[in-house]
Amino acid sequence: MDFNVKKLASDAGVFFSRAMQFTEEKLGQAEKTELDAHFENLLARADCTKNWTEKILRQTEVLLQPNPSARVEEFLYEKLDRKVPSRVTNGELLAQYMTEAANDFGPGTPYGKTLIKVGETQRRLGAAERDFIHSASINFLTPLRNFLEGDWRTISKERRILQNRRLDLDACKARLKKAKAAEAKAALWSDEVEKAEHELRLTQSEFDRQAEVTRLLLEGISSTHVNHLRCLHEFVESQTNYYAQCYQYMLDLQKQLGSSKGEIFSGTFVGNAEATSPPAATSPPAVAAATLPAVPTIPVVPTIVGVPNTVAESVLNPNEVKPPASGTRKARVLYDYEAADSTELALLADEMITVYSLPGMDPDWLIGERGNQKGKVPVTYLELLS
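Report on the accompanying structure. This structure is a prediction, so every number in the text was calculated from the model and none was measured.

### Here we look at the side chain of T49
Among the secondary structure elements, T49 is positioned in helix α2 (residues 37–64). Of the polar contacts made by the side chain of T49, one reaches the side chain of H225; its length is 2.8 Å. Excluding its chain neighbours within four sequence positions, the residues that come into contact with T49 are F147, I221 and H225.

Listed below in structure tokens is the structure:
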């Protein structure tokens, strides 16, 4: 009992001494032991590493899971050391809706068939996203989190101990200084001076030992950077694989839709007396016509029902136009294309043609030439070459 009381009193005395020393330093009334420049640089580098690691970690979490409620749920499961329940990705949910819609509209109809194809691609995209999130969490987020919750906590703990050792050291220096001043006034050797010098030697030894421990931990930040660099490479590799998968899935879907496009639109829209022009290409944009060199434009006269637009008619009639002096480019055909009328040019996949744009022309179309043949071609069926 007495031992506990004495220990509490001793701890209270140490705490009071440190508080006094800290307050006097802040007020400029006490001297402070400064760390060397190398040590200060290590401290600054460690703080910088911790701050940026936190920001990168948090923003990567937002990238992988934009829903804040879902992030909070995952955090709680992690803290409770429980497995996070499997969550359907947005792509997989969209695929489910498209499939159900196709069943309602009729899976044998053109719209139903297309919904099924697009839905299947969305499902594959969702599965690829799930794999990417899992890989990025293990290979990138986990190491960053382990550093903040492991190594950094150890560093912070040792830095607090070092701060206390420094306050104890400076308090002993102040007591020794006061004891020597009192001794000089009394002109007598004081036991207080000897006691203060002994305490100073002990606190100096403890401070030096703690400074060395802290310095070694801070120098380990370099190893942390090397580890995080390796994890960053793995994160980029996972992201590259994910986007490559997505691109391939969408390219396959684009080819499927392109091959069945003529059949779908001929059965659905061409028979409609009100549809007098071929539909615009629906494939994802490859290279926009705007990438062609600029050609002087002329005002486009708005089309009025029942009144011919002479500008548009002259532009869209390939037999009556000539290629500009500059601005023609080579293009590779991505997919087969069947001309809807005599103004269009039929295309074969992988062939090379010359293309150019004309003033007042629909930006989704270009004029294509193959030998003596000339006609309009959809931009989305082409890969423009430099």
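From this point on, the discussion continues.
### Regarding a nonpolar patch on the surface
Taken together, V72, F75 and L76 make up a surface patch of nonpolar side chains, about 290 Å² in accessible area. With respect to the element layout, V72 can be found in helix α3 (residues 68–79). In this structure V72 comes out as partly exposed when scored by relative accessible area, which is 49%.

### Observations concerning the pattern of salt bridges
The full count for this structure, using the stated rule, is 17 salt bridges. Note that R215 and E219 form a salt bridge whose closest N and O atoms lie 2.7 Å from each other. You can see R215 and its partner E219 sitting in helix α6 (residues 191–219), four residues apart, about one turn around the helix. A network of salt bridges, in which partner residues are shared, links R58, E61 and R145.

### A short note on the pairing of strand β1 (residues 329–333)
Alternating positions in β1 separate cleanly, R329, A331 and V333 being buried on one face and K330 and R332 remaining unburied on the opposite face. Looking at chain direction, β1 and strand β2 (residues 352–356) are connected through four bridges and run antiparallel. Bridge pairing in β2 links R329 to V355. Pairing analysis gives three bridges linking β1 to strand β5 (residues 382–384), with the strands arranged antiparallel. Counterpart to R332 in the pairing with β5 is E383.

### Examining unusual backbone geometry
Although it is not a glycine, D350 sits at a positive phi angle of roughly 75 degrees. If you trace the backbone, D350 turns up in the loop between β1 and β2. In this structure D350 comes out as exposed when scored by relative accessible area, which is 54%.

### Details of the sheet that holds β2
Spatially, five strands are ordered β4-β3-β2-β1-β5 in an open sheet, and the strand pairing comes out antiparallel. A single partner strand is all that each edge strand has here, and the edge strands are β4 (373–378) and β5. Going across the sheet, the axis of each strand differs from the next one's by a mean of 40 degrees, ignoring polarity.

### Describing the packing of aromatic side chains
For the structure shown, the criterion picks out nine aromatic pairs. A ring pair is formed by F105 and Y111, whose centres lie 5.3 Å apart and whose planes are at 20 degrees; its orientation type is stacked. With relative accessibility at 48%, the residue F105 sits in the partly exposed group. Their ring planes at 70 degrees and their centres at 6.5 Å tell us that Y337 and W365 sit as a pair that is edge-to-face. Placement of the pair is Y337 in the loop between β1 and β2 and W365 in strand β3 (residues 365–370), with a sequence separation of 28 residues. With relative accessibility at 12%, the residue Y337 sits in the buried group. Taken together through their ring pairs, the aromatic side chains of F132, F140, F235, Y242 and Y243 make up a single cluster.

### Notes on the nonpolar core
Ranked by internal contacts, the top residues of the largest apolar core, which has 34 residues, are F39, F132 and L218. Elements with a minimum of two residues in this core: α2, α5 (110–186), α6 and α7 (221–270). When residues in this core are grouped by element, the largest group, 16 residues, is from α5. Sequence-distant contacts of F39, defined by excluding residues within four places in its chain, comprise L162, A211, T214, R215 and L218. L358, L366, I367 and Y381 belong to the second largest nonpolar core, which has 19 residues in total.

Criteria and cut-off values
- Residues numbered from 1 in each chain as written.
- Predicted model: local features only at pLDDT ≥ 70, side-chain atom pairs only at ≥ 80, totals over all residues.
- Heavy atoms only, no water.
- Helix = DSSP H or I, 4+ residues; strand = E, 2+ residues; numbered from the N terminus.
- Polar contact = N/O pair within 3.5 Å; in protein donor to acceptor, adjacent residues only side chain to side chain.
- Contact = heavy atoms within 4.5 Å.
- Patch = residues over 30% accessible without salt bridge, like charges linked within 9 Å, V, L, I, M, F, W, Y side chains within 5 Å.
- Areas by Shrake-Rupley, 256 points an atom, 1.4 Å probe, with all protein chains shown as cover.
- Salt bridge = Lys/Arg side-chain N within 4 Å of Asp/Glu carboxyl O.
- Buried < 20%, exposed > 50% of the residue type's maximum accessible area, 1.4 Å probe, protein only.
- Pairing = 2+ DSSP bridges.
- Axes fitted to C-alpha atoms, helices over the stretch in contact; angles between N-to-C directions.
- Phe/Tyr/Trp six-rings, centres within 6.5 Å; stacked < 30°, edge-to-face > 60°.
- Core = buried A, V, L, I, M, F, W, Y, C linked by side-chain atoms within 4.5 Å.

Taken by themselves, the reported measurements are silent on function.
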